[in-house]
Amino acid sequence: MDEQALLGLNPNADARYRQRAMAYFEQLKESQDAWEVCADALAKGIYNDDHVKFFLFQVLEHQIKYRHDALSGPQQQLIRETLMKWLQGQLMNSQPEKPFIRNKAAQVFALTFVMEYLTLWPKFFFDILSLVGLNPNGVDVYLRTLMAIDAEVVDRDTLHSTEDTRRNTLIKDTMREQCIPNLVESWFQILQAYQQTQPEITCQCLEVVGSYVSWIDLNLIANDRFVNLLLSQMSVEELREEACDCLFEIVNKGMDPVDKTKLVESLCQVLQSAGFFHVEQEEDVDFLAKFSRLVNGMGQSLVLSWTKLVKAGDVKAANDTLQALEGKVPLLLQLLVHADDDISANIVAFCYDYLHVLKQLPQLTDQQKANIEAIMLAIMKKLTYDDEYNFDNEVSSCSENKSPFLPPTREYIRLTPELLDNLGHPWPTGLRSLSGNRRVAGSNPDRSWQTASFMEVEVAVRLVYMLGEALPASHGAHFTGDATKASVLQEMMRTLVSCGVSGYQHTSVSLEFFETVVRYEKFFLVEPHHIPLVLVAFLDQRGLRHGSPKVRSRVAYLFSRFVKTLHKHMNAFIEDILRQIQDLLELSPPENGFPALLTSDDQLFMFETAGILIVHGDGPAERKQGLMRSLLGPLMEAFGLLLDKLSRETEAERQAALGDCLSHAVGFASRTSKAFSNKQTVKHCGCTQVYRDCLQAFLPALGCPVQRGPLRSAVRSFLHRMIICLEEEVLPFVPAASEHMLKDCEAKDLQEFIPLISQITAKFKVQVSPFLQQVFMPLVVAIFEILGRPAEENDQTAALEKQMLRRSYFTFIQTIASSGMNEVMANQGAENIEKVLFTIIQGAVDFPDPIAQKTCFIVLSRLVELWGGEGGMVGFPDFIYKHIVPACFLAPLKPTFDLTDAQTILTLSECALTLKMIYNKRGPEFIQFLQQDYLPSLQVAPEITQELCQVLQQPDVKVFKNYIKVSANPLLI
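Residues numbered from 1 in each chain as written. Predicted model: local features only at pLDDT ≥ 70, side-chain atom pairs only at ≥ 80, totals over all residues. Heavy atoms only, no water.

Q: When you look at the overall build of the protein chain in this model, what are you seeing that I'm missing?
A: If you tally the helices and strands in the protein chain, you get 47 helices and zero strands. Each principal axis of the C-alpha atoms in the protein chain carries an extent, and together these give about 100 × 95 × 65 Å. Looking at the protein chain as a whole, 52% of its 973 residues qualify as buried. Nonlocal contacts in the protein chain, meaning residues at least 24 apart in sequence, comprise 72% of its contacts between residues at least 6 apart. Surface accessibility of the protein chain: about 43,600 Å² in total, with carbon and sulfur atoms responsible for 50%. Averaged over its 90 positive side-chain charges, the protein chain has a centre that lies 5 Å from the centre of its 119 negative ones. (Helix = DSSP H or I, 4+ residues; strand = E, 2+ residues; numbered from the N terminus. Buried < 20%, exposed > 50% of the residue type's maximum accessible area, 1.4 Å probe, protein only. Contact = heavy atoms within 4.5 Å. Areas by Shrake-Rupley, 256 points an atom, 1.4 Å probe, with all protein chains shown as cover. Lys, Arg positive; Asp, Glu negative; His and termini not counted. Charge placed at Lys NZ, Arg CZ, Asp CG, Glu CD.)

Q: I would appreciate a short explanation of the packing of aromatic side chains in the present structure.
A: Taken as a whole, this structure holds 39 aromatic pairs when the rule is applied. Residues Phe113 and Phe125 carry aromatic rings whose centres are separated by 5.1 Å and whose planes lie at 55° to one another, so their mutual orientation is tilted. Of the two residues, Phe113 is situated in helix H6 (residues 99-116) and Phe125 in helix H7 (residues 124-132); the sequence distance between them amounts to 12 residues. Phe125 shares its class with Phe113; the two are buried. Relative to Tyr963, the ring of Phe960 has its centre 6.5 Å away and its plane inclined at 25°; by these criteria the two rings are stacked. Taken as a pair, Phe960 and Tyr963 lie in helix H47 (residues 957-967) at a separation of three residues, close to a single helical turn. Across this residue pair, the class does not change: Phe960 and Tyr963 are buried. The structure contains a cluster of three or more aromatic residues connected by ring pairs, namely Phe479, Phe513, Phe514, Tyr520, Phe523, Phe524, Phe538, Phe559 and Phe562. Positioned above the aromatic ring of Phe605, the side-chain terminus of Arg671 is 5.2 Å from the ring centre. (Phe/Tyr/Trp six-rings, centres within 6.5 Å; stacked < 30°, edge-to-face > 60°. Lys NZ or Arg CZ within 6 Å of the ring centre and 35° of its normal.)

Q: Any chance you could explain the pattern of salt bridges here in plain terms?
A: A side chain with one charge can pair with a side chain of the opposite charge if their charged atoms come near. One pass over the structure, following the stated rule, counts 42 salt bridges. As a salt-bridge pair, Asp644 and Arg648 come within 2.8 Å of each other at their nearest N and O atoms. Here Asp644 and its partner Arg648 are both found in helix H32 (residues 621-648), four residues apart, which amounts to about one turn of the helix. What makes Asp644 partly exposed here is its relative accessible area of 41%. (Salt bridge = Lys/Arg side-chain N within 4 Å of Asp/Glu carboxyl O.)

Q: Please explain the UniProt feature "domain: Exportin-1/Importin-beta-like" (unreviewed entry) in the protein chain as it appears in this structure.
A: UniProt tags residues 99-247 as "domain: Exportin-1/Importin-beta-like" (unreviewed entry). For residues 99-247, the end-to-end C-alpha separation is 26 Å, with 73% helix and 0% strand making up the annotated structure. (UniProt positions renumbered as here; feature names shortened; annotations may be inferred.)

Q: Please explain the packing of helix H19 (residues 348-360) against helix H20 (residues 366-383) as it appears in this structure.
A: For any two helices packed against each other, the geometry is given by the interaxial angle and the distance between the axes. In contact at an axis separation of 12 Å, H19 and H20 are set at 145° when each is read in the N-to-C sense. As for the relative orientation of H19 and H20, their crossing is left-handed in sense. Seen from H19, the contacting residues are Cys351, Tyr354, Leu355 and Leu358; seen from H20, they are Gln368, Asn371, Ile372 and Ile375. A class-by-class count of the residues in the contact of H19 with H20 yields six nonpolar, two polar and no charged. (Axes fitted to C-alpha atoms, helices over the stretch in contact; angles between N-to-C directions. Left-handed = near helix turned anticlockwise from the far one by under 90°. Nonpolar A, V, L, I, M, F, W, Y, C, P; charged D, E, K, R; others polar.)

Q: Just to check I follow, could you spell out the confidence of the model for the protein chain for this structure?
A: When pLDDT is low, close inspection of the predicted coordinates is not appropriate. Averaged over all residues, the pLDDT of the protein chain equals 87, while 90% of them reach at least 70. Considering each helix and strand of the protein chain separately, the mean pLDDT is smallest for helix H23 (residues 438-441), with a value of 38, and largest for helix H28 (residues 531-539), with 97. Low pLDDT (under 50) marks residues 395-406, which in the prediction has 34 contacts with non-local residues, meaning those over four places away or in another chain. Confidence over residues 410-446 falls short of pLDDT 50; this stretch has 77 contacts with residues more than four positions distant or in other chains. (pLDDT = per-residue confidence, 0-100.)

Q: What should I look at first to understand the side chain of Thr945 in this one?
A: Within the fold, Thr945 resides in helix H46 (residues 942-952). Look past the residues within four positions of Thr945 in its chain and what remains in contact with it is Leu930, Gln931, Leu935 and Val940.

Q: Can you help me understand the packing of helix H43 (residues 876-890) against helix H44 (residues 902-922) in this one?
A: Relative orientation of the contacting elements H43 and H44 amounts to 150°, with a least axis distance of 10 Å. It follows that H43 is roughly antiparallel to H44 by the angle criterion. Taken as a pair, H43 and H44 cross one another with a handedness that is left-handed. The residues of H44 that touch H43, namely those facing Pro877, Ile880, Tyr881, Ile884, Val885, Cys888 and Phe889, are Cys911, Thr914, Leu915, Ile918 and Arg922. A per-class count over the contact of H43 with H44 returns 10 nonpolar, one polar and one charged. (Parallel < 35°, antiparallel > 145°, perpendicular 65-115°, else oblique.)

Q: Sorry if this is basic, but what is going on with helix H10 (residues 180-194) here?
A: Working note: α-helix, 3.6 residues per turn, so residues spaced by three or four point in the same direction. With 15 residues, H10 should cover 21 Å at 1.5 Å per step; its first-to-last C-alpha distance of 21 Å lies within 8% of that length. The set of residues buried in H10 consists of Ile180, Leu183, Val184, Ser186, Trp187, Phe188, Ile190, Leu191 and Tyr194. If you follow the buried residues of H10, they end up packed against H7, helix H8 (136-153), helix H9 (162-178), helix H11 (199-212) and helix H12 (224-233). (Expected span 1.5 Å × (residues − 1).)

Q: Please explain the side chain of Thr914 as it appears in this structure.
A: Note that Thr914 resides in helix H44. Note on Thr914: relative accessible area 0%, which makes it buried. Within the structure, Thr914 has its side chain in polar contact with the backbone oxygen of Glu910 (distance 2.9 Å). Those residues in contact with Thr914 that lie beyond four places of it in its chain are Phe857, Leu860, Ser861, Ile884 and Cys888. (Polar contact = N/O pair within 3.5 Å; in protein donor to acceptor, adjacent residues only side chain to side chain.)

Q: For this particular structure, what's the right way to read helix H38 (residues 769-787)?
A: A rise of 1.5 Å per residue sets the reference length of H38, with its 19 residues, at 27 Å; its end C-alpha atoms lie 26 Å apart and thus fit the reference within 8%. The axis of H38 is deflected most strongly, by about 35°, at Val775, and proline Pro778 appears within four residues downstream. Considered for burial, the residues of H38 that qualify are Ser769, Phe771, Leu772, Val775, Phe776, Met777, Leu779, Val780, Ala782, Ile783, Ile786 and Leu787. (Bend = angle between axes of the 7 residues up to and from the residue.)

Q: In this structure, what is going on with the environment of His883? I would like to understand it.
A: Assignment of secondary structure puts His883 in helix H43. Given the relative accessible area of 25%, His883 is considered partly exposed. C-alpha of His883 to C-alpha of Trp121: the two residues are 762 residues apart in sequence and 72 Å apart in space. For His883, the residues in contact, after removing those within four places along its chain, are Phe838 and Ile841.

Q: For this particular structure, what's the right way to read unusual backbone geometry?
A: Of all residues except glycine, most have a negative phi; of all peptide bonds, most are trans. Backbone geometry places Glu727, a non-glycine residue, at a positive phi of 55°. Here the phi dihedral of Lys765 falls at roughly 45°; this positive angle occurs in a residue that is not glycine. Topologically, Lys765 is positioned in the loop between helix H37 (747-764) and H38. The exposure class of Lys765 is partly exposed, given its relative accessible area of 37%.

As structure tokens, then:
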């Protein structure tokens, strides 16, 4: 052994020694016989250093794992002898090896077993067991080896090849025939011998039993002798958690449903007689979490057995299993209500499955109904917040329920209609049942919810909210259709909005109230007379003026949703609502020093809400215009003042604050325009001039020398909205805006500006042709000036910005071509046209960006359609043959043209369509060009050329597309 190299195995060794150790390791791995030195060192125990021992096992592991079949018979025998000698040495050691060495040894034992058990070492387990006996050090390695074998052969989470899977199956079958009974007996002896003296070894053994029980004969484990031993260990503090896990694996083993029921019942009887069902007397929550998991497994096993028996038509056995299942419900309830959430959560799956079973029964017994109510009360207890829950840092909302308990709650609520009827409860009592407390959400006139704790009130309202998930309805139409469900929910909502609970002074209750009101907003279409009451709650200290910023923020959003749905019923309150929210619509300049009630994001919802109220009111256009000007006028006035301040401000931090404020102002005005629709247009509502005035006020910001990026982005977004809303009225503002946005611009500015021009082009077409002809080349020049700027080789951000700008450019050209505005390009002069065309050819072939390439081929196809036929642009046919045709064939030949990529396949399809378009426009002339000039120049075989031309002439374009896709490129054949 290279002693100097071994020094590098120490984690504290310097880099030179560590590098030498790695090189030595590689040398030993590759050598035909150098590893034998390591085997000899292991067998004789020459080295005391733990890192060296681990290293020796690693070398041996490599030989077994990767070179076993290449080893000679004597070398394979040497490995077996080495392992057994090392193991024998462990028996004589006073102290065991470190755990990481024992684990590595176990892995090497397991690998050797997998390689040799079926052929060279069939007595693997007998040899090990006869050697170790009950020696604690030997038993430890034996158990670790069994777990390593499980990981190699059985573990379903490990992916195996078909060959390995076949081998593993054969290993398990052979073990079942030859040694499993002996292994089980060894486990029993180990558990019996060490349960009092060696808890660590006993727990290891229990883990082994739990791992192996899934594929061995269960009768070897599920017998009185073994189960009694396991149960006795559940009374030993150090062992009982592992014993629980072992019993869980036994219960989970697949077997005949009748036998499974008998197994679970016998196990439960023993556990109950041993006192384990007295959950309230147990203080060890870690054990109870394991026990809850065991009970959950037993319950789910009974449910599965019942399901199988029902499907098989075995009525008697199914009834017996159902009776056994019912017997576990008291224990389920004890665990479900436990204060520790881990214990409760572990039983939820059984609870859910049990409720699902009850849904399938034709009629419920009184006890089953009582069980359901008990489960519901237990779940409500778990859903109730603790006294110490910190609502200052985290506010409850209906989307943040304690998730483990949501499914059974939904399941219960789904059962509620028929169950409450069967229980004899009238539906008004349903709300009280859901609340768990009559005084919280009932309709008692004394409003005793005011004296209830916030936890009780909050969970009552929350359960009403959750009812909507359990009673699904199309588009929230809970109050139509099934009359029973609709009337029940209607009465609940009536109680909720009229009982005064919205005034409860706690953030959680406030939020749950408004969330619930908005979830069931369709209720107010049925009973609109409740709308004023809820509007007042939204607008006063219960909602938008609540003391909690989080409540105000959420209510701003919920209010906008409420108004969107019910604005038709609010016409009489529009002016009053706008007056009450006026201060919430004010722009908050950074210098006023007062904290705003709402953030700028919240104000967006408020402006949209105000816009909806104005636009959809029943009044004449003059009224709407007046209200809209009252809404936006102060915004425009404040914008002008702040813009003037910004132009004079020198401090960077103040500039940023003013820039944000100005951007928000533009965003607010833009948000109001979302209220308009195809029926209620800006023009129809008489608001055209108001928004023209907004444009007049906002456009000067484009020329502001500071905060240019945020201001341009905000104004550009507003222009996008105005193109939709003002239509041709926006056109006079476009040239000046474009001129400003093309000045001193960066890649991102242009990338965002091009969609604006594309939107204008697509919408107005010939109306903007003169403008586009004027701006076209300056825009192209600006784009390629930025694309031509040098950048750092590793600057990924700059590279991405250029890629996105290039894509935007090609999309812009596509928009012009597809809008029938070819005169925009045609009138740019021959030299400029040629430059633009070459950029498209370059984009189609040279840049490894399939999205841009696809766009370029779409453009080329369209230009061929426009200019490629008789009477087309002079000289364009020559351009087709010299540049477009080669592009179609050369692009797929690029090494970056990845045919496994979906976008690239689409690019190939567009490439085929371009060739087809050339044929449609040039006809036989094109075929002749391919056959006599182009393809021969590329040395394409004549038969391939002939085949391509024949397919190209087929009338169905799909035939040629499929041909190109299959062959990828005729030049590759």
